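Residue strings, one per chain:
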Amino acid sequence: MVKSIRLGLRTCSRCLGQASRARENRKRWLSSTVSTSQLNSAHIPVDHSQPDLRHDDSLLRPIFDSPPIYKDFMRPFSNAATRGNVGLFGNKYLTSPEGFLTFANITIHRARKLVKKVLDATSSEELKAIVRHLDRLSDLLCRVLDVSDFVRVTHPDRKIQEAASQAWSLVYEYMNQLNTTKDLSQQLGKALADPIVMASWSEEEQTVAKLLQQDFMKSAIHLPKESRQKFVNLSQEISEVGSNFLQDMRPEESTLSFPSDKLYGMNPQIAQMYIRGRTARLPTMSPEATVALRSVHDEDTRKAIYYATRTASSSSINMLEVMLRLRGELASLAGFESYSQMALRDKMMAKTPESVHQFLLALSEHNAPLVEEEVATLVREKRNKQQHATADLHPWDKDYYMGSIRSSMRSRRRYPDSLSAYFSLGTVMQGLSRLFTRLYGIRFVPRDTLPGETWHPDVTRLDVVSDTDGHVAVLYCDLFYRKDKSPNPAHFTVRCSREILESEVQEAAEYEAEESREGFTELPKFESAIDAANDGMHFSQESGSVMQLPTIALVCDFEKQGSRSGPALLDYYQMETLFHEMGHAIHSILARTSLQNVAGTRCATDLAELPSTLMEYFCADPSVLALFARHHVTDKPLPYEMVVDKLQIARRFEASDRENQIMLAMLDQQYHSSLPIQDHTFDTTEVYLNLQRTFGKLPPDPKGTRWQGFFGHLFGYGSTYYSYLFDQVLSRRVWEVVFSAGQNGAALDRENGERLKENLLKWGGSRDPWRCLSDTLQDERLVDGDEKAMRLVGSWVAKDDRRG
């Protein structure tokens, strides 16, 4: 079965919250970091970045800090002027809008030939090739889908966007036909049932075959024709209702009105924007309403704002409940007790709803005492402020008194510059390359782009080069803000790793004459058969076989300096975001598997965030910061006490923030249980309020509110929202066990990097994730991946990141 899920785009739940213009007010839990006990303000890190005569990385800084100057300097050495349009990412089909449709049509034509090979297989020898044929079929279609998906949301040219959308729709429709083709499923079943075939397959091939079989089952391939059609119709209806739920999300009360003096405590400049005469009118869902909850002194005003911002419209709630019932019906039709059971069965480490419940229950139990401590601190703060010995803490007090305590924590030290002065974009990119060189023996090498290769002049190409394997990946960096560009940081895998067999190269040599006879015109000319087999894109022959190289686009929205001189400067959270996104990229780079279906981030969904979340620990480590964090003018190293102050304040109420995430993950599980179809009195509001009252230590939402109508992730992450918490816990454990929480230079130790790479990163989705985790942590308790293992992971939480 070809991949109908997990295409090239990686936009995780954390990434979706990273729009830079809202980032300064974002609440974070366990965001990055060494423990409080390690945040020693007297520790000024030594610069470990000694010059490396073999691998000079000095160009990385000016490329990103002074791009116009760098491009002017490189122009005389570039051969770009002598080359014609090479196509986006070097794909020779993609030199014009029309090329997208040509690419889609020729892909479908070749896919049909491959499908025929699969269906014609009868002998054991022919059946042995089925798993590679199906993987190649998946790769053919994803070559169009992944690049088109990226182009239609990122390319600035509307015509090219539209052409990419048409190509995507054409191939996606064909892929859906294949996913419900019973004969393909039956052929795969024959291969899996043949002991001769199974004995001939590698571990990776067996894994892919089983994944494909599970995907066929998930598409209700086993159902009678009429039921299969109903399954397709329900799936389409869920997609439409879910999209409407996201688009029509709104509060019951859109605007709040107060006497202007009721906003006292709020930044006057912000408040004045909403005051007319003596009346303040505040949009309910605006960032300013969130600011007001943290700063307005009047409790009744905060209460009114809280009720309004926590009460979704009746239509939003109705739309949500329709979607949940439809999902329950879909799961029941496919033979599952609940939607959660269906969603977790194949692509998640948890496997079952009960395992998720055990993880969340353990996490909640271990987190609860920490929340109680934080609540007691907030109660004391309120009673001291109000001079009222019996004052209770209400839901609308929480953010206000957290803000008060954080303000009192802010260091009295005054620094001549902000943190961002030490985080120019060029120095951060240089630091990432240095970190990866030390951990994995790979580095970023700047490469001038050819005409047509990129979609905007801001895009920079970096070749990823290994000390042992040569050229291993291509990374396109589109890091600056544009009006026509999504504000969400994202990692796109435009093309996955895959081994290209000799037989495919031979076929490619025959394609041109054959397809011309079959009516295809204006096909591109390729320099070689290998070039044709990979559409002109990047490949390697270092290992003795032909490998298509992972091709990755990294997209962020950092502000340029504009008319001011100097480089783009990142605040701490923007720097952390870049590290996070590069964690996804490094997973795609290191997991260069032979088969496309398990390459890179195409692994268990609840493991995919571990490498990226782990990178947040590295960017807070003093030895890592010493590799690159230098003042953009004076070149002086970063005073680490500035980071200490930042992180201590950010993590002051991390247990409370974690409890909120636990409640949402539990809510997601409850909503996707059997309740929506078995309980005729199912009420999403009552389920949410009951969870808060049962498991929460923070003041629960009052009756009359219904915040769940704003929980947009219920559509995109149905029954898998827990994975964010799961990977937060796992990444901290890896940081503590493998990298010794950064002590004694462990964050830069090559032996530790190799341990992570060899046991986890390089496998992608080709090995059981629990085995990978068990080997990485050297903890046999994890190897079975059962409910006990999930509960164990949930127990790994303690105050200040210290192991309990």
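Just above sits the structure.
Summary of the structure given here. (Residues numbered from 1 in each chain as written. Predicted model: local features only at pLDDT ≥ 70, side-chain atom pairs only at ≥ 80, totals over all residues. Heavy atoms only, no water.)

Notes on the side chain of arginine 461
To keep things clear, this is the line we draw: Each helix corresponds to a stretch of at least 4 residues labelled H or I by DSSP, and each strand to a stretch of at least 2 residues labelled E; elements are numbered beginning at the N terminus. Summary of the burial criterion: residues with accessible area below 20% of their type's maximum are buried, those above 50% are exposed, and those between are partly exposed, where the area comes from a 1.4 Å probe applied to protein chains only. Two N or O atoms form a polar contact when they lie within 3.5 Å of each other; inside protein one atom must be a possible hydrogen donor and the other a possible acceptor, and for residues adjacent in sequence the pair counts only when both atoms belong to side chains. Between two residues, a contact is recorded if the distance between any of their heavy atoms is within 4.5 Å.
Relative to the helices and strands, arginine 461 is located in strand E6 (residues 460–466). We classify arginine 461 as buried; its relative accessible area is 5%. Within the structure, the side chain of arginine 461 is placed 2.7 Å from the side chain of glutamate 453, a separation counted as a polar contact. In terms of polar contacts, arginine 461 uses its side chain to reach the side chain of aspartate 463, at 2.8 Å. Once residues lying within four places of it in the same chain are set aside, the contact partners of arginine 461 are Val445, Pro446, Arg447, Thr449, Glu453, His471, Val474, Leu475, Tyr476 and His538.

What about the environment of serine 239?
The residue serine 239 is located in helix H11 (residues 225–247) in this model. Overall, serine 239 belongs to the partly exposed group, its relative accessible area being 33%. Separated by 84 residues in sequence, serine 239 and methionine 323 have C-alpha atoms that sit 8.7 Å apart.

So, the environment of glutamine 548
Counting through the fold element by element, glutamine 548 comes out in strand E11 (residues 546–548). Taking the relative accessible area as the measure of exposure, glutamine 548 reaches 1% and is therefore buried. Sequence separation of glutamine 548 and histidine 538 is ten residues, and the distance between their C-alpha atoms is 6.3 Å. Those residues within four positions of glutamine 548 in sequence are excluded, and the remaining contacts are Asp139, Arg143, Arg495, Cys496, Ser497, Arg498, Ile500, Asn534, His538 and Phe539. Looking at glutamine 548, its side chain comes within polar contact range of the side chain of aspartate 139, at 2.9 Å. For glutamine 548, the side chain forms a polar contact with the main-chain oxygen of cysteine 496, separated by 3.0 Å.

Quick word on the pattern of salt bridges
Heads up, the rule is: We count a salt bridge whenever a side-chain nitrogen from Lys or Arg sits within 4 Å of a carboxyl oxygen from Asp or Glu.
As enumerated under the stated definition, the model contains 48 salt bridges in all. Across the salt bridge formed by arginine 61 and aspartate 635, the nearest N and O atoms sit 3.2 Å from each other. Highlighted residues: arginine 61 in helix H2 (residues 60–65) and aspartate 635 in the loop between helix H24 (622–625) and helix H25 (640–650), separated in sequence by 574 residues. In this structure arginine 61 comes out as partly exposed when scored by relative accessible area, which is 21%. Residue classification places aspartate 635 among the partly exposed positions, given a relative accessible area of 35%. Where glutamate 507 meets lysine 117, a salt bridge forms, and the shortest distance between an N and an O atom there is 2.6 Å. Here the residue glutamate 507 occupies a position in helix H20 (residues 502–517), and lysine 117 occupies one in helix H4 (residues 97–120), the gap between them amounting to 390 residues. According to the relative accessible area criterion, glutamate 507 is buried, its value standing at 18%. What emerges from the salt-bridge pattern is a single network uniting Lys117, Arg136, Asp139, Arg143, Arg495, Arg498, Glu504, Glu507 and Asp535.

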